Amino acid sequence: HWEEASGNSLVSWQHMLLGCFSGGVGPCINNPLDVVKTRLQRQVVEPGVPPKYAGLFRSCAIIVQEEGAMCLYKGLTPRLMRIMPGQGITFATYEYISDKLHKAGIV
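Owing to the predicted nature of the structure, the values given are computational and were not obtained by experimental measurement.

Describing the overall build of the protein
Right, on to step 1. On a plain count of helices and strands, the protein comes out with four helices and zero strands.
Right, on to step 2. For the protein, the α and β elements follow one another from N to C terminus as α-α-α-α.
Right, on to step 3. Relative to the globule expectation of 13 Å for 107 residues, the C-alpha radius of gyration of the protein, 21 Å, shows a markedly less compact shape.
Right, on to step 4. If you line up the protein on its principal axes, its C-alpha atoms span 70 × 25 × 25 Å.
Right, on to step 5. Per-residue burial for the protein yields a buried fraction of 24% across its 107 residues.
Right, on to step 6. Here the analysis covers contacts within the protein between residues at least 6 apart in sequence; of these, 63% occur between residues at least 24 apart.
Right, on to step 7. The averaged location of the 8 negative side-chain charges in the protein is 9 Å from the averaged location of its 10 positive side-chain charges.

What follows is the structure in structure tokens.
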């Protein structure tokens, strides 16, 4: 443990805050890909007509050109509101239980 080596330790709210932050990074990076995936899946393809969205990079370019770059982040807020608290609770709980187990000599 770095905490034992350095003599520093984090309190539960700090573990929770770090968990919230780490839980929010993934969706921020992944959301544009989810928007493109959804557009690719939901388009109606008619025989003989080329589809509007035909690949990752082309789809991104079309979406940004027609709707602006922020459109790639549609739906991010509710996703963050769902994921971040759960990840924060998971981090804080893990660290709390891990600390208790180490102090008890179980782990």
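Brief notes about the nonpolar core
Right, on to step 1. Val35, Val36, Tyr53, Cys60, Ile62, Ile63, Cys71 and Leu72 form the largest nonpolar core, which has eight residues in total.
Right, on to step 2. The dominant element in this core, judged by the number of residues it contributes, is helix H3 (residues 56-67), at three residues.
Right, on to step 3. Apart from residues lying up to four places away in sequence, isoleucine 63 is in contact with Val35, Val36, Arg39, Tyr53, Gly68, Cys71 and Leu72.

A word on the packing of helix H2 (residues 12-42) against helix H4 (residues 76-103)
Right, on to step 1. Relative orientation of the contacting elements H2 and H4 amounts to 145°, with a least axis distance of 7 Å. The two elements H2 and H4 meet at a crossing, and its hand is right-handed.
Right, on to step 2. Along the lines of polarity and charge, the residues of the contact of H2 with H4 split into 13 nonpolar, 10 polar and three charged.

Describing the pattern of salt bridges
Right, on to step 1. On inspection of all chains with the given rule, the structure shows five salt bridges.
Right, on to step 2. The salt bridge partner of arginine 39 is glutamate 67, with a shortest N-O separation of 2.8 Å. Taken together, the residues span a long stretch of sequence, with arginine 39 in helix H2 and glutamate 67 in helix H3 at a distance of 28 residues.
Right, on to step 3. Here lysine 103 makes a salt bridge to aspartate 99, at a shortest N to O gap of 3.3 Å. Here the residue lysine 103 and the residue aspartate 99 both occupy positions in helix H4, the gap between them amounting to four residues, near one helical turn.
Right, on to step 4. Among the charged side chains, a salt-bridge network with shared partners connects Arg39, Glu67 and Lys74.

Regarding the confidence of the model for the protein
Right, on to step 1. In this model, the protein carries a mean pLDDT of 92, and residues with pLDDT of at least 70 account for 93%.
Right, on to step 2. Looking at the elements of the protein, mean pLDDT is at its lowest for helix H1 (residues 2-6), recorded as 61, and at its highest for H3, recorded as 96.

Digging into a nonpolar patch on the surface
Right, on to step 1. Taken together, Val11, Trp13 and Leu17 make up a surface patch of nonpolar side chains, about 340 Å² in accessible area.
Right, on to step 2. Mapped onto the secondary structure, valine 11 falls in the loop between H1 and H2.

Focus on the environment of glutamine 14
Right, on to step 1. Relative to the helices and strands, glutamine 14 resides in helix H2.
Right, on to step 2. Considering only alpha carbons, one finds glutamine 14 and isoleucine 97, 83 residues apart in sequence, at a separation of 15 Å.

About the criteria used
Residue positions are counted from 1 within each chain, in the order its sequence is given. Reporting of local features is limited, given that this is a predicted model, to residues whose pLDDT is at least 70; pairs of side-chain atoms are given and counted only at 80 or more, and all residues count toward the totals for whole chains, interfaces and linings. Only hydrogens and water are removed before side-chain values are computed, so all heavy atoms of the structure are retained for them. To qualify as a helix, a DSSP run of H or I must reach at least 4 residues; to qualify as a strand, a run of E must reach at least 2; elements of each kind are numbered from the N terminus. In this setup the radius of gyration rests on C-alpha atoms only. A globule is expected at 2.2 Å times the number of residues raised to 0.38. Exposed residues in this analysis have more than 50% of their type's maximum accessible area, buried residues have under 20%, and partly exposed residues fall in between, with area computed by a 1.4 Å probe over protein chains only. In this analysis, two residues are considered to be in contact whenever any of their non-hydrogen atoms come within 4.5 Å of each other. Only four residue types enter the tally: Lys and Arg on the positive side, Asp and Glu on the negative side, with His and both chain ends excluded. Where a charge lies is defined by one atom per residue type, namely NZ (Lys), CZ (Arg), CG (Asp) and CD (Glu). In this text, buried Ala, Val, Leu, Ile, Met, Phe, Trp, Tyr and Cys residues form a nonpolar core when linked through side-chain atoms within 4.5 Å. For helices, the axis comes from a line fit to the C-alpha atoms of the stretch in contact; other axes are also lines fit to C-alpha atoms, and the angle between any two N-to-C directions lies between 0 and 180 degrees. In this scheme the crossing of two helices becomes right-handed for a clockwise turn of the near helix relative to the far one and left-handed for an anticlockwise turn of less than a right angle. All residues other than Ala, Val, Leu, Ile, Met, Phe, Trp, Tyr, Cys, Pro, Asp, Glu, Lys and Arg, Gly among them, are scored as polar; the first ten of these are nonpolar and the last four charged. Salt bridge, as applied in this entry: a Lys or Arg side-chain nitrogen positioned within 4 Å of an Asp or Glu carboxyl oxygen. As a per-residue measure, pLDDT tells how confident the predictor is, with possible values from 0 to 100. Each patch is built from residues lacking any salt bridge and having more than 30% relative accessible area; the joining distance is 9 Å for like charges and 5 Å for nonpolar side chains (Val, Leu, Ile, Met, Phe, Trp, Tyr). Areas reported as accessible are Shrake-Rupley estimates using a 1.4 Å probe. Residue values count occlusion only from the protein chains shown.

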